[in-house]
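Architecture and fold: a report
Listed below are the residues making up each chain.
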Amino acid sequence: MYEAWFPIFNRFADKPEPSFSAFLAKFPQCLPQNFQFSAQCPYVVQDISAEQISAIIHQMKPSAPGVDAWKVHELKLLSTYSMQALADLLNTIEHTGLWLEQLQEIPVAALKKGNGATAKDIRPISLASLLYRLWSKIRWADLQPWHLAWLPHELKGGAKDRESIDAYYQLMMEVENSMYSNHPLYGILFDYSKCFDF
């Protein structure tokens, strides 16, 4: 398992990581030039509140727990006082930049994918703590205005009112228009194996 997946998860162990500034120099049109937020005008998020925690917890669906063993139905049983204590904990983590060691341990489950029987024929699933997942859901929602301020319109998914399926609708319209106007249309399907969000 280690030999199969180490090169994939550690692609830059023996070479430098890609440079963001070099990318922007080569593709300057990828990001807007008139940023609404900058170092001089930063996007500011408020401290996490107990109300935010309660709202997100009650949206969460049952899922596998992390090493801290918290489960969704247990989080839903927390009192208002406990949710405030959890908000205080998450705000302290943000202010200090120090995460609890227990929340940094993320086991990886290997799920079978396809018909193969080798280490590369599995799908690794990271099981982060539900407390970390809760924090990330809150901050993802908080950062949406910042995200939408620079996200190119062509990118779909992961943003408010930009569903991944919108790309399919747009493609279907292109195909239909091509058939109606008897205009040639070409496309490429790129299936990138072992592609994960990092």
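Below is a short write-up of the structure. As the structure is a prediction and not an experimental result, all values here were calculated from the model.

**Overview of helix H3 (residues 50-57)**
For an α-helix the count is 3.6 residues per turn, leaving residues at separations of three or four pointing the same way. Buried within H3 are the following residues: Ala-50, Ile-53, Ile-56 and Ile-57. Angular distribution of buried residues about the axis of H3 spans 130°; they occupy a single face of the element. Buried residues belonging to H3 abut helix H4 (72-75), helix H5 (80-96) and helix H7 (130-142).

**Quick word on the nonpolar core**
If you look at the biggest cluster of nonpolar residues, it comprises 19 residues, and the most contacted ones within it are Ile-48, Ile-53, Ile-57, Met-60, Leu-90 and Leu-134. Of all elements in the fold, only H3, H4, H5 and H7 reach the threshold of two or more residues within this core. With residues near it in sequence (within four places) discarded, Ile-53 still touches Ile-48, Met-83, Leu-86, Ala-87, Leu-90, Leu-134 and Ile-138.

**Focus: H5**
With 17 residues, H5 extends 24 Å from end C-alpha to end C-alpha; this agrees with the ideal 24 Å at 1.5 Å per step. Those residues of H5 that sit buried are Met-83, Leu-86, Ala-87, Leu-90, Asn-91 and Ile-93. Considered in projection along H5, the buried side chains sweep an arc of 155° and stay on one side of the axis. Exposed and facing more than 90 degrees away from the buried side of H5 are Tyr-81 and His-95. Turning to H5, the residues buried within the fold contact H3, H4, helix H6 (101-104) and H7. Residue Gly-97 follows H5 closely and has a positive phi angle near 75°.

**Some points on the packing of aromatic side chains**
Counting across every chain of the model gives seven aromatic pairs. Ring plane angle 35° and centroid distance 5.6 Å describe the contact between Trp-5 and Phe-9, whose orientation is recorded as tilted. With a gap of four residues between them, Trp-5 and Phe-9 both fall in helix H1 (residues 2-9), about one helical turn apart. The class for Phe-9 is partly exposed, based on a relative accessible area of 39%. Ring centres of Phe-23 and Phe-27 lie 5.2 Å apart, and the angle between their planes is 45°; on these two criteria the pair is classed as tilted. When its relative accessible area of 33% is taken as the criterion, Phe-27 is described as partly exposed. Three or more aromatic residues joined by ring pairs form one cluster here, namely Phe-20, Phe-23 and Phe-27.

**Comments concerning the environment of Glu-154**
For Glu-154, the location among the structural elements is in the loop between helix H8 (144-150) and helix H9 (165-181). Along the primary structure Glu-154 and Gln-36 are separated by 118 residues, whereas in three dimensions their C-alpha atoms are 19 Å apart.

**A short note on the pattern of salt bridges**
Oppositely charged side chains are able to pair whenever their charged atoms sit close together. Scanning the model with the defined rule gives two salt bridges in all. A salt bridge links Glu-94 to Arg-139; its shortest N-O distance comes to 2.7 Å. Of this pair, Glu-94 sits in helix H5 while Arg-139 is found in helix H7, placing the two residues 45 residues apart along the sequence. The class for Glu-94 is partly exposed, based on a relative accessible area of 29%. Under the relative-accessibility criterion, Arg-139 is labelled buried at 7%. The salt bridge partner of Asp-142 is Arg-139, with a shortest N-O separation of 2.6 Å. On the criterion of helical spacing, the pair formed by Asp-142 and Arg-139 is a turn pair, its members being three residues apart in helix H7. For the residue pair Asp-142 and Arg-139, the accessibility class agrees, reading buried in each case. A cluster of three or more residues bridged by salt bridges with shared partners is formed by Glu-94, Arg-139 and Asp-142.

About the thresholds
Residues numbered from 1 in each chain as written. Predicted model: local features only at pLDDT ≥ 70, side-chain atom pairs only at ≥ 80, totals over all residues. Heavy atoms only, no water. Buried < 20%, exposed > 50% of the residue type's maximum accessible area, 1.4 Å probe, protein only. Helix = DSSP H or I, 4+ residues; strand = E, 2+ residues; numbered from the N terminus. Arc of directions from axis to C-beta. Contact = heavy atoms within 4.5 Å. Core = buried A, V, L, I, M, F, W, Y, C linked by side-chain atoms within 4.5 Å. Expected span 1.5 Å × (residues − 1). Phe/Tyr/Trp six-rings, centres within 6.5 Å; stacked < 30°, edge-to-face > 60°. Salt bridge = Lys/Arg side-chain N within 4 Å of Asp/Glu carboxyl O.

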